[in-house]
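Architecture at a glance
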Amino acid sequence: MRALSGDHVEEAVAGCVAALRPAVQRDWAAVKAGGLDWNCHDTALHIATALMRYTGNLAGRAQDASTPFHITLDDGTDNTGLLHVIETAGAVLAAVVRTAPATARGFHPFPFNSANRDGFAAMGVTEVLLHTYDATQGLNVAYEPPAHLAEFALTSIFPAVQPTTDPWRTLLWATGRGELPGRPRVTEWHWSNNLVIPGDRLTLQGVTPAAARDLTAGGDGGFEWIEGSAFQGTRDAAGFMLKAYEAGTHRPEFGVFVLVRREDGRAVGGMGFHRSPDENGRVEIGYDLVESARGNGYATEALRALSEWALARDDVHTLCATIDPDNAPSQAVVSRAGWQKVGESDEGFTYELKR
C-alpha cells in the first residue's frame, strides 16, 4: 500500500494535466469552474496549493494547524506554467508520501485533527480528481479519471459511503456533484481520516476500508508487523469490517484498530468492535496479538485506552466481551483492565465494563 499511494498521486496529477492542457489558450479566469464560485484559474491554483499544503503538513509533522503558507505565481505565469506548478506539487507530495514512515501524521481538521501518509495521498488525489472535474465542466472539456483512483479516495477517506460498481459516480455523489439512484442528493460533506487513540506504549490506529481490503487479501494493511504478518484474527476482523462497509452499515469509529508500538512503529496486534452500539448503548469488543508480542501487557494497555475512549461517548454505555473458558490469558487481560465477569454460557464467559 505504501508505494501505491504515491503512484496514485502522480497518476491523478498526470490525468489532470492531460485533461486541461488542450484548453491552455483559453482565459481560465473568465470561466466559472462547474458548480463552484471559483473560476477555472483559481481552481487550478487551488489544486497546486492543496497538494503543497498536504506535503508541508506531512513532511513537517504539523500538529495544531496547517503549515501557514500559500503558493503565489510569478507575474505573467500562463496556464501552461500553472499546469507545471501542479505537476511539481504532485511530484513533491508523492515523494513525501513514499518516504514518510507508517506512523507519521500531520494536521488535518477532518475529523480527528490528523492524517497519515495514505490519508494525505487520498486527500491529494481527491482534490485533483474533483477540481479537475470542476474545471473541465467550465471549460467544456471531457474528463473521467480511472475508476481505481476514485476507489482509492473512497476507501481511504470516505469510509461511511457505501460503495457501488461505479466509484467515480459515487465520489461525485458523495461530494455533492452528482446523483445516485436511491440516494438523496448530498448538500454537505467532508472526508474522514482514520481515528488514532493514544496509549502509553501503543497507539490504536483505525483501519480504513482500503487497509481492511488489503489485510483480508493477505497484505500488511499498510502496517509493519513484528512477525512480518498480521495475526489471522486481525485479518478475520478486517473481513467483517469490510462486509459492513460494503453493506453501508460501517461506522468508522466502531471498526478495527491496529496496535502499533511507539518505540519502533511496528504493529503487534488488532482490537476493535464487532459492530456499532445497539439501541441500549451496548457494544462488543474483540482483540488479538501476534504470538511474540504476548506477555508484555500490550493487550491490557490497549483495552484500557479503547474502553476509556468508548465510554466517554454518549452512545456507549456498556462494553462486553465473550471469552473462551480455556483462554486464561485473555480473561486476565479484561480483569486487569477493570472489566467484571457477569455470566457464563455455551459461548464462553461474558465480561462487561459499564460507564
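Preceding this section is the structure that the text describes.
Let me sum up the structure you'll find in this document. Note that the structure is predicted; figures quoted are calculated from it, not measured.

Time to look at the packing of helix α2 (residues 40-59) against helix α3 (residues 79-99). Where α2 contacts α3, the axes come no closer than 9 Å and their chain directions differ by 20 degrees. On the basis of the axis angle, α2 is roughly parallel to α3. Two packed elements cross with a definite hand, and for α2 against α3 that hand is left-handed. Taking contact as the criterion, the partners of H41, A44, L45, I47, A48, L51, M52, Y54, T55, L58 and A59 in α2 are, on α3, N79, L82, V85, I86, A89, G90, V92, L93, V96 and V97. Taken together, the residues of the contact of α2 with α3 break down into 17 nonpolar, 4 polar and no charged.

The next thing to look at is the nonpolar core. Judged by nonpolar contacts, the single largest core of 64 residues is most densely connected at W28, I86, L129, F158, W168 and L171. When residues of this core are traced back to their parent elements, those giving at least two are α1 (2-20), α2, α3, α4 (117-139), α5 (147-157), α6 (167-174) and α8 (232-247). When residues in this core are grouped by element, the largest group, 11 residues, is from α4. Leave out the neighbours within four places in its chain, and F158 touches T126, A153, L171, A174, T175, W189, W191 and Y245. By size, the runner-up hydrophobic cluster in this structure holds 49 residues, among which are A212, F254, A299 and L306.

Scanning all chains against the criterion turns up 9 aromatic pairs. When the centroid spacing of 6.4 Å and the interplanar angle of 70 degrees are considered together, the rings of F223 and W225 count as edge-to-face. Seen in terms of ring centroids, F254 and F273 are 5.0 Å apart; in terms of plane orientation they differ by 75 degrees. Their pairing is edge-to-face. Here the residue F254 occupies a position in the loop between α8 and β6 (256-261), and F273 occupies one in strand β7 (residues 266-273), the gap between them amounting to 19 residues. Neither F254 nor F273 differs from the other in exposure class; each is buried.

What counts and how
Residues numbered from 1 in each chain as written. Predicted model: local features only at pLDDT ≥ 70, side-chain atom pairs only at ≥ 80, totals over all residues. Heavy atoms only, no water. Axes fitted to C-alpha atoms, helices over the stretch in contact; angles between N-to-C directions. Helix = DSSP H or I, 4+ residues; strand = E, 2+ residues; numbered from the N terminus. Parallel < 35°, antiparallel > 145°, perpendicular 65-115°, else oblique. Left-handed = near helix turned anticlockwise from the far one by under 90°. Contact = heavy atoms within 4.5 Å. Nonpolar A, V, L, I, M, F, W, Y, C, P; charged D, E, K, R; others polar. Core = buried A, V, L, I, M, F, W, Y, C linked by side-chain atoms within 4.5 Å. Buried < 20%, exposed > 50% of the residue type's maximum accessible area, 1.4 Å probe, protein only. Phe/Tyr/Trp six-rings, centres within 6.5 Å; stacked < 30°, edge-to-face > 60°.

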